[in-house]
Amino acid sequence: MTRRIPVWLWGGLGLGLSILALPATAAALVQLTPARVMPLAEYLRAYGTVEFAPEGGRTLSLEAESLVSQVLVASGQRVHQGETLLRVAPSINDQLQLQQAQIGVRFARTDQQRLESLRTRQLATNAEVQVARQTLARAQATLHDLQARLKILQAGTVRAPISGVVEAVTIHQGDLVAAGQPLLRLSTGNALRIVLGVEPEDLPRVKVGDSVQLRPVYGAQPPLSCRIRQIYWQIDPKTRLTQVVVPMAATPSLLPGAMVRAEIILGRHKALAIPDSAVLQQGGRAYCFVDVHGKAQQRWIETGWREAGWIAVSKGLQAGEKVVSLGNYELQDGMALRVAGKS
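Reading guide: rules and limits
Residues numbered from 1 in each chain as written. Predicted model: local features only at pLDDT ≥ 70, side-chain atom pairs only at ≥ 80, totals over all residues. Heavy atoms only, no water. Helix = DSSP H or I, 4+ residues; strand = E, 2+ residues; numbered from the N terminus. Rg over C-alpha atoms; globule rule 2.2 N^0.38 Å. Buried < 20%, exposed > 50% of the residue type's maximum accessible area, 1.4 Å probe, protein only. Contact = heavy atoms within 4.5 Å. Areas by Shrake-Rupley, 256 points an atom, 1.4 Å probe, with all protein chains shown as cover. Lys, Arg positive; Asp, Glu negative; His and termini not counted. Charge placed at Lys NZ, Arg CZ, Asp CG, Glu CD. Phe/Tyr/Trp six-rings, centres within 6.5 Å; stacked < 30°, edge-to-face > 60°. 1 Å grid on protein atoms, 1.4 Å probe; cavity = no way out; pocket = protein on both sides within 12 Å on 5 of 7 lines; lining within 4 Å. Points joined across faces, edges and corners; volume = space filled by probe spheres on them. Nonpolar A, V, L, I, M, F, W, Y, C, P; charged D, E, K, R; others polar. Pairing = 2+ DSSP bridges.

Undergrad: Got a sec to walk through the overall build of the chain? Specific residues and values, please.
TA: When you go through the chain residue by residue, the secondary structure sums to four helices and 22 strands. For 343 residues, the compact-globule formula gives about 20 Å, and the C-alpha radius of gyration of the chain, at 40 Å, lies well above that figure. Summarising its shape, the C-alpha atoms of the chain cover approximately 165 × 55 × 30 Å along the three principal directions. Out of the 343 residues belonging to the chain, those deemed buried represent 35%. Taking contacts inside the chain between residues at least 6 apart in sequence as the whole, the part at least 24 apart equals 74%. Carbon and sulfur atoms make up 54% of the accessible area of the chain, which amounts to about 20,900 Å² in all. Averaged over its 37 positive side-chain charges, the chain has a centre that lies 5 Å from the centre of its 26 negative ones.

So, in structure tokens, the structure goes:
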């Protein structure tokens with residue numbers, strides 16, 4: 001015979017099952033760090049490009065018009081002193097000038113000799129002979145100057161005056177180059193400079209001598225320390241930024257043409273700070289979790305500069321409040337906290 005279970009017993013069993021099904025609220029294991037006032041370095045972030053230092057370079061040019069017959073080097077190439085860089089030849093105009101100067105000397109010499117012969121027969125005056133001598137001297141000086149200017153061209157080569165790196169080549173094979181026009185630029189390669197772009201409104205905060213920490217944009221090399229040497233008080237028309245110059249010795253980690261990011265140290269100030277591991281981001285805003293009576297409270301904050309693992313907080317926290325510095329990625333607002341090292 002089947003017995004029926006009383007209704008009141010079914011209710012009791014259901015209540016017991018529902019109690020067993022309720023999940024226990026688990027506390028998140030975290031590490032807490034009090035927000036504290038401490039001196040931090042305020043910095044300005046900037047980006048720039050590595051260049052050869054201009055004081056370590058040499059621009060090559062020729063004193064006469066020339067025809068470039070062959071270019072033997074390219075930008076970035078290392079060369080040794082005396083190495084051939086270009087093959088050149090005198091232009092047609094140079095050759096005509098040389099011929100004219102040689103003809104001028106021959107005519108001036110012939111005229112002088114003729115007048116001196118006439119003077120011996122008292123058919124020419126001393127003044128006429130003197131003028132002829134001066135004319136010959138001027139013609140010889142013109143020829144000598146032209147020969148000196150064409151000496152390198154007659155040799156047919158342009159050689160490196162120093163050992164270094166080819167910084168730029170400004171001509172091409174077949175070019176007709178005017179006298180004095182730059183052909184190429186050599187750098188010793190021993191000194192570099194970094195040109196950093198700074199927003200015009202930030203430039204008054206920057207001073208000559210400010211410390212700078214440099215890192216290549218790509219890679220994970222340790223920072224390089226240097227100082228600002230020059231400030232250019234004008235806006236670059238291409239970038240719409242002002243420029244500051246940072247010199248440094250050549251280093252394998254920085255090659256000319258490389259992009260770098262820099263932190264210009266503007267000074268040290270006392271500020272409320274928390275570990276940067278405590279700061280999270282959502283929708284472009286910063287927030288952290290604060291321990292309020294053993295529970296996580298999400299707090300929106302405004303942050304500033306960073307230094308040595310700490311970040312300044314200008315709004316949203318008070319000194320002494322404990323923030324979650326580890327274990328915060330899985331937290332939600334209101335979740336119970338279990339502090340590491342405490343039972």
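Undergrad: Provide a residue-level description of the packing of aromatic side chains, including the pertinent values.
TA: Within the structure shown, the criterion is met by two aromatic pairs. For the ring pair Tyr-287 and Phe-289, a centre distance of 5.7 Å and an interplane angle of 85° mean the geometry is edge-to-face. Overall, Tyr-287 belongs to the buried group, its relative accessible area being 11%. For Phe-289, a relative accessible area of 3% translates into the label buried. Ring centres of Tyr-287 and Trp-300 lie 5.4 Å apart, and the angle between their planes is 65°; this geometry places the pair in the edge-to-face category.

Undergrad: Account for the layout of surface pockets, naming residues and giving values.
TA: As a volume, the largest pocket reaches approximately 180 Å³. In terms of lining residues, the largest pocket is bounded by 15 residues, among which Phe-52, Arg-78, Val-165, Leu-255 and Pro-256 are the most central. Looking at the lining of the largest pocket, the element that brings in the most residues is strand E8 (residues 164-169), giving three residues. Classifying every residue of the lining of the largest pocket gives nine nonpolar, four polar and two charged.

Undergrad: So what's going on with unusual backbone geometry? Residues and values would help.
TA: The phi torsion at Gln-122 lies on the positive side, around 60°, for a residue other than glycine. Considering the arrangement of structural elements, one finds Gln-122 in the loop between helix H2 (92-120) and helix H3 (126-149). With relative accessibility at 73%, the residue Gln-122 sits in the exposed group. Within the chain, Arg-240 stands out as a residue other than glycine whose phi angle is a positive 65°. Tracing the chain through its elements places Arg-240 in the loop between strand E14 (230-232) and strand E15 (242-249). On the basis of relative accessibility, which here comes to 52%, the residue Arg-240 falls in the exposed class.

Undergrad: Break down the sheet that holds strand E6 (residues 84-90) for me, with residues and values.
TA: Pairing in this open sheet of four strands is antiparallel, and the strands run E7-E6-E4-E9 from one edge to the other. Here the strands that pair on one side only, and so sit at the sheet edges, are strand E7 (157-159) and strand E9 (176-177). Note: E6 against E7, three bridges, orientation antiparallel. When the bridges of E7 are listed, Leu-86 appears paired with Val-158.

Undergrad: Let's hear about the pairing of strand E16 (residues 259-275): which residues, and what values?
TA: One ladder, built from 14 bridges, connects strand E2 (residues 36-52) with E16; its direction is antiparallel. Residue pairing for E16: Val-37 is matched across the bridge by Leu-272. Bridging between strand E12 (residues 211-216) and E16 involves five bridges; their strand directions are antiparallel. Bridge assignment links Arg-215 to a residue of E16, and that residue is Arg-261. Of the strand pairs in this sheet, E16 and strand E20 (residues 310-315) are connected by three bridges, and their pairing is antiparallel. By the bridge assignment for E20, Ile-274 is matched with Ile-311.

Undergrad: Talk me through the sheet that holds strand E5 (residues 78-79); I want residue IDs and the actual numbers.
TA: Strand pairing within a sheet occurs via backbone hydrogen bonds; the two strands may be parallel or antiparallel. Read from one edge of the open sheet, four strands run E3-E10-E8-E5, paired in antiparallel fashion. Pairing within the sheet leaves two strands with one partner each, and these edge strands are strand E3 (57-60) and E5. Where E8 and strand E10 (residues 184-187) come together, four bridges link them in antiparallel fashion. Across the sheet, Val-169 pairs through a bridge with Leu-184, a residue of E10.

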